[in-house]
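Residues per chain, in single letters:
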Amino acid sequence: MQNVIALNEAGRQGIVAARATTDEMLLDAIATGNRSAMHTLYARHNVRVYRFILRMVRDASVAEDLVSQVFLDVWRTAGQFEGRALVSTWLLSIARFKALTALRQRQHEELDQDDVLEIADDAETPEAALDRSRINAILRACVAKLSAAHREIITLVYYHEKSVEQAGLIIGIPPSTVKTRMFYARKQLAELLKSQGVETLAA
């Protein structure tokens, strides 16, 4: 019994230690060949990276393969991380490059950004749920009509909650250009939503 308690305590302490370890610390450890640190970083970020890639390539199997490639790159190049951006931002920039390369190989440049700004409400009525579903469908259709560059900005800033600076680092453009694209993307999206009778989201 004491052995079981000791094992449970050791496991709990391991979880606490992992949570207290920053992404930057994990990258430092990965650079020295620490596989445990690699597993921890993967566990933290693989789902977000997968979803980001999937919205670009629209193919689950391709997205899974690209996620593996992203983290293989991290394993190989962890020592090159300079800390000029968040690790999560760095990961998405690698993911974006992989996804765009895959899209070019398929000769398909369109970016599909479904489920942007979806809002869940467990307490909503069936009528409210139906209305929300209708609005989300309209929103997805309107976002799909934006240019690839504008869809990308909307997704990074709203869906992935990236700042202007972080979005710029991922895409490889200056913050001023991000702001300009955001302005025109929001303006066009508002007009599209308004034409569909969705005034609240267009405001």
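Right above here is the structure, for reference.
This is a predicted model, so every value here is computed, not measured.

Asker: In this structure, what is going on with the overall build of the protein chain? I would like to understand it.
Answerer: If you tally the helices and strands in the protein chain, you get ten helices and zero strands. In sequence order, the secondary structure elements of the protein chain are arranged as α-α-α-α-α-α-α-α-α-α. Looking at the 203 residues of the protein chain, the share that counts as buried comes to 37%. Considering only residue pairs separated by 6 or more positions, the protein chain has 64% of its internal contacts joining residues 24 or more positions apart.

Asker: Please clarify how the packing of aromatic side chains should be interpreted in this entry.
Answerer: Ring pairs (aromatic) are described by centroid distance and by the angle formed between their planes. For the coordinates displayed, the defined rule picks out three aromatic pairs. Here the aromatic rings of Phe81 and Trp90 are separated by 5.1 Å at their centres, their planes lie at 55 degrees, and the arrangement is tilted. Take Phe81 and Trp90: they sit in the same class, and that class is buried. Pairing Phe183 with Tyr184 gives two aromatic rings, centres 5.1 Å apart and planes at 80 degrees, and the pair type is edge-to-face.

Asker: Please explain the side chain of Asn46 as it appears in this structure.
Answerer: Following the sequence through the fold, Asn46 ends up in helix 3 (residues 35-57). For Asn46, a relative accessible area of 17% gives the class buried. The residues touching Asn46, leaving out its near neighbours within four places in the chain, are Val67 and Phe71.

Asker: What is the right way to read the pattern of salt bridges from this model?
Answerer: Pairs may arise between side chains of opposite charge once their charged atoms sit close together. For the structure shown, the criterion picks out four salt bridges. Residue Asp73 pairs with Lys98 through a salt bridge whose shortest N-O separation is 3.0 Å. Here Lys98 lies in helix 5 (residues 87-105) and Asp73 lies in helix 4 (residues 60-77), a separation of 25 residues in the sequence. As a salt-bridge pair, Arg96 and Glu152 come within 2.4 Å of each other at their nearest N and O atoms. Here Arg96 is found in helix 5, whereas its partner Glu152 is found in helix 7 (residues 148-159), with 56 residues between them in sequence. Take Arg96 and Glu152: they sit in the same class, and that class is buried.

Parameters and conventions
Residues numbered from 1 in each chain as written. Predicted model: local features only at pLDDT ≥ 70, side-chain atom pairs only at ≥ 80, totals over all residues. Heavy atoms only, no water. Helix = DSSP H or I, 4+ residues; strand = E, 2+ residues; numbered from the N terminus. Buried < 20%, exposed > 50% of the residue type's maximum accessible area, 1.4 Å probe, protein only. Contact = heavy atoms within 4.5 Å. Phe/Tyr/Trp six-rings, centres within 6.5 Å; stacked < 30°, edge-to-face > 60°. Salt bridge = Lys/Arg side-chain N within 4 Å of Asp/Glu carboxyl O.

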